[in-house]
Amino acid sequence: MAQTSGNQETQMDDVAERIEITVDGRAVEVETGQLLPDALEAAGLYLPHLCYHPSLGPLQTCDTCFVEVDGNLVRGCGVTVKPGLEVGLDTDTAERARREGIDRVVSNHDLYCSVCDNNNGNCDVHNTVRDMQVPGQRYEFRGKPYEKDYSNPFYIYDPDQCILCGRCVEACQNLQVNETLSIDWDRDRPRVIWDDDVAIEDSSCVSCGHCVTVCPCNALMEKTAIGRMGPMTALSPQSLSGYRELGRAAIDLVKTAEHTTGFGPIFAVSEVDAAMRETELKRTKTVCTYCGVGCSFEMWTRGRELLKVQPQPEAPANGVSTCIKGKFGWGHINSEHRLTKPLIRDNGAFREAEWDEAYALIARRFGEIRGESGPDSLAFIASSKCTNEEAYLMQKLARAVIGTNNIDNCSRYCQAPATESLWRTVGFGADTGSIADLEAAELLLIVGSNTAESHPVIATRMKRAAKLHGQKHIVADLRVNEMAERADLHIRPEPGTDLIWLNAVAKYILDNGHADMDFINDHVDCFEDYRDSLAKFTFEFAAERTGLSQDELQAIADNIIAAKTVCGVWAMGVTQHTMGADTATALCNLLVLTGNVERFGTGGYPMRGHNNVQGTSDFGCMPDRLPGYDFITDDGIRRQYEQAWGVDLTTRKGLNNHEMVNTIHDGDLRSLYVIGEDMGIVDSDALHVQSAFEKLDFFVVQDIFFTRTCEFADVVLPASPSVEKEGTFTNTERRIQRLYEVFPPLGDSRPDWRIITELANALGADWRYDHPSEIMAESTSLCDLMSGVTYERLAGFGSQQWPVREKGASGAERLYNDSTFHFKDGNARFHPVDWTEPTDQVDAEYDLHLNNGRLLEHFHEGNLTDETPGIVFKISQAFVEVSPDLAAERGVQPGSIVRLVSRRGAIKVAVEVTDRVSGHQLYMPMHGRANSEAINVLTSFEADKDTDTPAYKELAVRMEVLSADGTPPLKANNQRNQPRHPTSGVEVGRKWDRDDYRRPPKPRPTGSGL
């Protein structure tokens, strides 16, 4: 099966080995290891194929790629080239076989290309029929006795157009590994089915869109495309508009003529139609605005209409993969709720204003406050959803224009402890390797990461590695999330005790002689201190405090010892505790102890939450560090910036965003400028934060919607989302990628880089940036870590993984290949840690622990995803998960309305009863923008002792039943409630075993259902 993400270990060489094969008696040079369709295409030779897709591998269902190899008739997609291979491509036998295959395909597909929304140069059925010069319909098209399925809010399935190639099934079973689709080969007329043959919306489908992306025709299509792609596509039979019957009549008329003319003249018209569409359709590469995986894809648009999202195999992080949000969650772009004019508060109410007036007011008030109370009375919050270039400008505005280091970003809320743990142990505060390493590892140790919902495309790689290659997974999580459900071992330690069992496993490995002492002796410092720190962490102690059994601890240790390569994966379930940095450090120590930090298939991987949370810190939005993580107190580094910017920079310690809130309450921080961060609802102890905002003398918020935070502002500036700007994002694996402007800014909104530039100039600066590339060029000229990053290298689907210190370099797939770590002596370090008790623990009054996290369908509080109706259709409200035992104990059922009360506040939510949680553990998604339903009304202001990351996961509540009856928050047909149906894939052998299947070139039997 072809790889689709990252640069694999086998692709390290710049030049692959070249070999010679013989095609029709002629020597042809190809790359070794290629499948025949790819090899011939690269050599400029055409081999027809429909079921084959480079991201899926050979399926051998369509019978259009037959060739002769060493005198035998075989399907070409299943042939791997090797030296001396002899291929007969244009032999009579091979050509007859291919023609028989395509004739059968056409009998399963109603060709009406000019009114089809898929006639855009990318329809594989159309192109193959055209390129093979098929003269006409040999086998009459027969419709299938199945209705079209419109039940999913995002895409349709049309059985009549389905050629049964199985691409969608392979993508679902072995690429996405959701395991919903299969082909029922036993029917008289086979068809693709969802689960055990239910409507799409009643199935386990997660609307990831993989099936739609790989479909070679119009059998699976986005609803946003239907009736909109071409001049005549309103006539498509797939459209639900009033023109569909007229379209069907027109198609039937053409089909009558087709019997006389053949395909040629009809296809000539459709080619003209496809060319006409190209003048109106635009295809623009961009990078997803949601999580930190960094999926890139093309957006197909006409005017301001988004017709479809189409990922490409060359996308470095995701290949052809997407999730529900990346494929379909773009309703926010043209939402009527978008901010399009600056807003100024006058006498307690907002009014629209022009940009010049808004800039002048901000400049005047910033100047007055700085003059009265000094530059440190102002603070700045950059956005992890903005670009690297905008992050660079935001920290430059704070430091060079205002004169303060009070600059931070939302990494403080999630990833700062992970960064700290990596700084402590290996030197760089980022993933030690790439997504490819996660695929290749023998064992994944997944701690506090709901990967399938929070980082779904990376989860597909993990699930595929497990299903196809036997990768093992140990999952530590309070809930039975999907990764836990699939895991080889799922453990459920008591909340806040992960550090204990991690240290206990490390102690066992060390005490029993299984540590990698050669690696430690040669490449690691502080071993003795670390060894001594583990003394109390026996299995007995760990079992007592974590609730795990000693057998479970033994199993964890045994699996780690047995695995040649181990990756540690963690997320907010680790970091959002008062001991978050120490727990993450315990996991990093364990990886160092076992030598799993520098080789391919090893390392530490904190899953970055937002699309650019990595890059926003990389480019300097931190209170003590400049771009590239250079300290502001480093005299030599600071002087470079002073010379480049023409200012003197302060070394006074800046405030992080958590400290800013208390400093506002203290009266020492008077003004705040926040970009793209709904602090009023995503910060912990939200009521405490909101009351701080009320005390500000002057508050500026820059966003694309009027958020909860905007309600407290004095000026609101309308920004543009990612698709209305250019720039770069950096994903969780340090991969920098370009995004291009898909649409012009809506109304009078503006890209953030332009707003920051214009505001800086209103404050007296002389910035002259006309394009983000100029900003990147300035930043890389000053930042050694990124000095080789160029827009030219990042063009199209190009990418670079930092560190990039040489022009034209692609960067580093892994950071420590040569066992040289980012410390002065080049060694890694053990960093001893001890366990501390969690805060906000349960007691007699607050007797339930409330865990919280992300939701597959929505992103965080929902400011973006709530604007996509199909996503709201899937999940329309906040809810709390309650175990069946607790539901019976408290008298609640699905749909009951309860009040959750913490030591700080109360919210009202509906109940979802599920065995995903157990006992007195509750779980609540972050989704919710009103105080009445937002989880952070309940959370405390306690934070990690080392990084100030809020302890979102340490939360005790009580539950009051308000109404026992109500509507369940998740519909009965929600995919979480449906069993999956795993298969090995397309199961083409079942097709070949049918009585009516004849291997080409034998004609298809009369009346065949195939």
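Residues numbered from 1 in each chain as written. Predicted model: local features only at pLDDT ≥ 70, side-chain atom pairs only at ≥ 80, totals over all residues. Heavy atoms only, no water.

For the protein chain, the name recorded in an unreviewed UniProt entry is nitrate reductase (cytochrome), with Salinisphaera orenii YIM 95161 as its organism. You can read under Function (unreviewed entry) in the UniProt record for the protein chain the words "Catalytic subunit of the periplasmic nitrate reductase complex NapAB. Receives electrons from NapB and catalyzes the reduction of nitrate to nitrite." The annotation that UniProt attaches to the protein chain under Catalytic activity (unreviewed entry) is "2 Fe(II)-[cytochrome] + nitrate + 2 H(+) = 2 Fe(III)-[cytochrome] + nitrite + H2O". (UniProt positions renumbered as here; feature names shortened; annotations may be inferred.)

Asks: Teacher, can you tell me more about the overall build of the protein chain here?
Replies: Within the protein chain, the regular secondary structure consists of 32 helices and 35 strands. With the C-alpha coordinates of the protein chain rotated into their principal frame, the extents come out at 85 × 70 × 65 Å. A sequence separation of at least 24 residues applies to 75% of the contacts in the protein chain between residues at least 6 apart. When the accessible area of the protein chain is evaluated, it comes to approximately 34000 Å², of which 47% is carbon and sulfur surface. Separation between the mean location of the 101 positive side-chain charges and that of the 151 negative ones in the protein chain comes to 4 Å. (Helix = DSSP H or I, 4+ residues; strand = E, 2+ residues; numbered from the N terminus. Contact = heavy atoms within 4.5 Å. Areas by Shrake-Rupley, 256 points an atom, 1.4 Å probe, with all protein chains shown as cover. Lys, Arg positive; Asp, Glu negative; His and termini not counted. Charge placed at Lys NZ, Arg CZ, Asp CG, Glu CD.)

Asks: Quick question: what am I supposed to make of the layout of surface pockets here?
Replies: Rolled over the atoms, a probe with the dimensions of a water molecule shows which regions are left empty. There is about 840 Å³ of room inside the second largest pocket. If you go around the second largest pocket, you meet 39 residues; those closest to its centre are His53, Pro54, Asn122, Asp124 and Arg167. Elements with a contribution of two residues or more to the lining of the second largest pocket: α1 (36–42), α3 (124–131), α5 (210–214), β9 (220–222), β11 (296–302) and β12 (305–310). In the lining of the second largest pocket, the residues fall into 20 nonpolar, ten polar and nine charged. A domain split of the lining of the second largest pocket shows at least three residues from each of domain 1 (22–105) and domain 2 (109–333). (1 Å grid on protein atoms, 1.4 Å probe; cavity = no way out; pocket = protein on both sides within 12 Å on 5 of 7 lines; lining within 4 Å. Points joined across faces, edges and corners; volume = space filled by probe spheres on them. Nonpolar A, V, L, I, M, F, W, Y, C, P; charged D, E, K, R; others polar. Domains from an automatic or database assignment.)

Asks: Hey, could you run me through the side chain of Asn611 in this one?
Replies: Here Asn611 shows up in the loop between β22 (603–606) and α23 (613–618). Since its relative accessible area comes to 2%, Asn611 is described here as buried. Side chain to side chain, Asn611 and Lys385 meet in a polar contact 3.0 Å long. Excluding its chain neighbours within four sequence positions, the residues that come into contact with Asn611 are Cys288, Thr289, Tyr290, Cys291, Gly292, Ser384, Lys385, Phe729, Thr730 and Asn731. (Buried < 20%, exposed > 50% of the residue type's maximum accessible area, 1.4 Å probe, protein only. Polar contact = N/O pair within 3.5 Å; in protein donor to acceptor, adjacent residues only side chain to side chain.)

Asks: What exactly am I supposed to notice about helix α27 (residues 686–693) here?
Replies: Given 3.6 residues per helical turn, the α-helix brings residues three or four places apart onto the same face. All buried positions along α27 are accounted for by Ala686, Val689, Gln690, Ala692 and Phe693. Across the axial projection of α27, the buried residues extend over an arc of 155 degrees, all falling on one side. In the core, the buried residues of α27 are packed alongside α25 (657–666), β23 (671–675), α26 (679–682) and β24 (698–703). (Arc of directions from axis to C-beta.)

Asks: Just checking my understanding: could you explain the domain arrangement of the protein chain for this structure?
Replies: The figure often quoted for interface size is the accessible area lost as the parts come together. When the domains of the protein chain are assigned, the result is domain 1 (22–105), domain 2 (109–333), domain 3 (343–411 + 612–811), domain 4 (415–606) and domain 5 (848–977). Between the C-alpha centres of domain 3 and domain 4 there is a distance of 34 Å. Counting residues at the interface gives 13 residues for domain 3, matched by 13 residues for domain 4. With both sides pooled, the region where domain 3 packs onto domain 4 buries about 1000 Å², and carbon together with sulfur makes up 54% of that total. Together, Ser411, Thr732 and Glu733 form the three largest contributors to the area buried by domain 3 at its contact with domain 4, with a combined 44%. The tally of links from domain 3 across to domain 4 stands at zero salt bridges. (Buried area = accessible area lost by both parts, 1.4 Å probe. Salt bridge = Lys/Arg side-chain N within 4 Å of Asp/Glu carboxyl O.)

Asks: How do you make sense of the sheet that holds strand β17 (residues 443–447) when you look at a structure like this?
Replies: Each strand in a sheet pairs with its neighbour through backbone hydrogen bonds, running either in the same direction (parallel) or in the opposite one (antiparallel). Spatially, five strands are ordered β19-β18-β17-β21-β22 in an open sheet, and the strand pairing comes out parallel. Only two strands of the sheet have a single partner each, and these edge strands are β19 (489–491) and β22. Direction aside, neighbouring strands of the sheet carry axes that sit 15 degrees apart on average. Pairing of strand β18 (residues 472–476) with β19, which is carried by three bridges, proceeds in the parallel orientation. Residue pairing in the sheet places Ile474 in a bridge with Leu489 of β19. Against the sheet, helix α14 (residues 456–469) contacts β17, β18 and β21 (566–570), and its axis sits at roughly 130 degrees relative to β18. (Pairing = 2+ DSSP bridges. Axes fitted to C-alpha atoms, helices over the stretch in contact; angles between N-to-C directions.)

Asks: Explain the nonpolar core here, please?
Replies: Here is a general trend for soluble globular proteins: nonpolar side chains tend to be buried in one another's company. With 159 residues, the main nonpolar core has Phe366, Phe380, Met394, Leu397, Trp501, Leu593 and Tyr673 as its most contacted residues. Counting residues in hydrophobic clusters, the runner-up holds 55 residues, among them Phe712, Met924, Val957 and Met959. (Core = buried A, V, L, I, M, F, W, Y, C linked by side-chain atoms within 4.5 Å.)

Asks: Got a minute to help me understand the pattern of salt bridges in this structure?
Replies: When charged atoms on two side chains of opposite charge get close, those side chains can pair. Tallied over the entire structure, the rule returns 77 salt bridges. Taking the shortest distance from any N to any O, the salt bridge between Glu439 and Arg464 comes out at 2.8 Å. Within this pair, whereas Glu439 is found in helix α12 (residues 435–440), its partner Arg464 is found in helix α14, the two being separated by 25 residues in sequence. The exposure classification of Glu439 matches that of Arg464, with both residues buried. Salt-bridge contacts for Glu857 lead to Arg976; the nearest nitrogen and oxygen are separated by 2.7 Å. Of this pair, Glu857 sits in the loop between β30 (848–853) and α30 (869–874) while Arg976 sits in the loop between β35 (956–963) and α32 (988–992), and the two are 119 residues apart along the sequence. Assigned by exposure class, Glu857 and Arg976 land together as buried. Within this structure, Glu179, Lys463, Lys467, Glu482, Glu485, Arg486 and Arg980 form a network of salt bridges that share partners.

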